[in-house]
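The primary structure of each chain is shown beneath.
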Amino acid sequence: MPSVFETSSTAIPITFVTKSGWDAVRESLPPAQRQYAAASAYSAKPGGYLALPAPDGTIAQVLFGLEDEGASSRDLFRPGALPGLLPPGTYRFANAPHDARLAALAFALGTYRFARYRKADRPEVRLVPPDGVDAAEIDRIANAAMLARDLINTPSNDMGPEELAAAAQALAAEFGASFACTIGEELETNFPLIHAVGMASDRAPRLIDIGWGDPAHPKVTLVGKGVCFDTGGLDLKPSSGMLIMKKDMGGAANVLALARMVMDAKLKVRLRVLIPAVENAVAGNAFRPLDIFTSRKGITVEIGNTDAEGRLVLADALALADEEKPDLLIDLGTLTGAARVALGPDLPPFYTNDETLAADVARCAAKENDPLWRMPLWPPYDAWLDSKTATITNAPSGGFAGSITCALFLQRFVEHAGSWLHVDIYGWTPSAKPARPEGGECQAARAIYKVLSERYA
């Protein structure tokens, strides 16, 4: 994606205003512009936009409203609405928004359009980078976020396991990373849970494996849920629940976005990316409730519900990752409706027993405007996973604490990693917000990238 940033001495200024500061800004305007603002009934409400004319009919400057400093509902991505409002041209920030770096990132993210199937021209706007803002870093993050959005927004007929693997392979090739894919009999033998979930589809399941970086550097492994479409299996979802299940590979999309950031920034890590890519379909050979499978780790798993498939495919991938004893093991997946009930679509929960890592994630999530909320790996609930006929069940009865029990299930497959982080993302924006159009979304990747860049720059 071409950069939104450029240098120009004739850039049109964008003046950020708040309700409390509007009077002072208005009085500083030339009389004609002040009169135009009054005639337009401009009030500096958040998101309020007004282009003020110059005497020659061009745009002299743009006014854009932000929340007052200290307002509890401040949206630091509010400037991301500007690309959809501004006429073509090059612009600059005439004064400081609440956070210039996040405003510049929001501006870049606000230019995103998904145009694979219908014309959707990207806004023809450019921004002079604010002083002190690293434009290359903003481009790095924005391009990765747009990769995640593109992958999630692509419908499942064009984004099955094979196509997801092709996207991962293209990313690996771009950065000189290794790429491997386990499929067929080898998958069935070595990754039984991945194979079980995907075996009913005529689109073969597979395990994607990317490697990059100096082997002498700390080992960081990323695992992303790649369920390219989820019918729910024999525990079939209703049509309303199936409608946006093209996004069920959002964990994989966001892991690839995070990997892009890491490789592009040349962080000092030995990176591994594992993506179990499957389609949870319905057919005569689909896995069934109360079937039992022996996982890669040797743990036997009873199927309590075929719609709790994401934790199954992640389990085998996590077991493989854990065998190498990585310094840091991270998994992302669109896993539980329980997380959405508890925290909604915008605030994914994360889980870890590493207190330092938890503090770093929470701090970086707030700093990057990439919200995350810590939830507990509550030991008393671990017994809920017990099965009468296998080691564990993938779906405890009762329905309580669904996101926590999912995390506890995955924890059973992580034993040797130095630290483990699990994030239960949604990967979708239900209704458009500044810089965040409706559709596939990059969640958690920016916050985690900030943690990694602080540790391994």
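Residues numbered from 1 in each chain as written. Predicted model: local features only at pLDDT ≥ 70, side-chain atom pairs only at ≥ 80, totals over all residues. Heavy atoms only, no water.

Caption draft 1: Seen up close, the overall build of the chain. Counting secondary structure elements, the chain contains 14 helices and 19 strands. Counting across all 457 residues of the chain, residues that qualify as buried make up 56%. Residue pairs in contact within the chain that sit at least 24 positions apart in sequence constitute 75% of those at least 6 positions apart. For the chain, the exposed area adds up to about 18200 Å²; of that, 52% sits on carbon and sulfur atoms. (Helix = DSSP H or I, 4+ residues; strand = E, 2+ residues; numbered from the N terminus. Buried < 20%, exposed > 50% of the residue type's maximum accessible area, 1.4 Å probe, protein only. Contact = heavy atoms within 4.5 Å. Areas by Shrake-Rupley, 256 points an atom, 1.4 Å probe, with all protein chains shown as cover.)

Caption draft 2: The arrangement of empty space enclosed by the protein in detail. Considering all chains together, one arrives at two cavities of 30 Å³ or more under this definition. Here the largest cavity defines a volume of roughly 40 Å³. Residue lining of the largest cavity: P2, S3, V4, A108, R122, D139, A142, N143 and M146, and that is the complete set. In terms of residue count, helix α4 (residues 135-153) provides more of the lining of the largest cavity than any other element does, four residues in total. Along the lines of polarity and charge, the residues of the lining of the largest cavity split into five nonpolar, two polar and two charged. For the second largest cavity, the calculated volume is near 30 Å³. In terms of lining, the second largest cavity is formed by L66, D75, L76, P79, P97, H98, D99 and A103. The residue inventory of the lining of the second largest cavity, partitioned by class, reads five nonpolar, one polar and two charged. (1 Å grid on protein atoms, 1.4 Å probe; cavity = no way out; pocket = protein on both sides within 12 Å on 5 of 7 lines; lining within 4 Å. Points joined across faces, edges and corners; volume = space filled by probe spheres on them. Nonpolar A, V, L, I, M, F, W, Y, C, P; charged D, E, K, R; others polar.)

Caption draft 3: Structural detail: the packing of α4 against helix α9 (residues 250-265). Following both chains from N to C, one finds α4 and α9 inclined at 155°, their axes separated by 8 Å at the closest point. Looking at the two axes, α4 sits roughly antiparallel to α9. Of the two possible hands of crossing, α4 and α9 adopt the one that is right-handed. Contacts between α4 and α9 involve R140, I141, N143, A144, L147, A148, L151 and I152 from the former and G250, A253, N254, L256, A257, R260, M261, D264 and A265 from the latter. Looking at the contact of α4 with α9, its residues break down into eleven nonpolar, three polar and three charged. (Axes fitted to C-alpha atoms, helices over the stretch in contact; angles between N-to-C directions. Parallel < 35°, antiparallel > 145°, perpendicular 65-115°, else oblique. Left-handed = near helix turned anticlockwise from the far one by under 90°.)

Caption draft 4: Representation of the sheet that holds strand β1 (residues 12-17) in the model. Read across the sheet, five strands follow the order β2-β3-β1-β4-β5 without closing on themselves; strand pairing throughout is mixed. Of all the strands in the sheet, the pair left with one neighbour each is β2 (49-53) and β5 (125-127). Ignoring strand direction, the axes of neighbouring strands in this sheet form an average angle of 30°. Pairing between β1 and strand β3 (residues 59-65): four bridges, direction parallel. What sits directly across from I14, in β3, is V62. Lying on the sheet, helix α2 (residues 31-39) is in contact with β2 and β3; it crosses β2 at an angle near 145°. Helix α3 (residues 100-109) rests against β4 (89-93) and β5 of the sheet, and its axis sits at about 160° to β5. (Pairing = 2+ DSSP bridges.)

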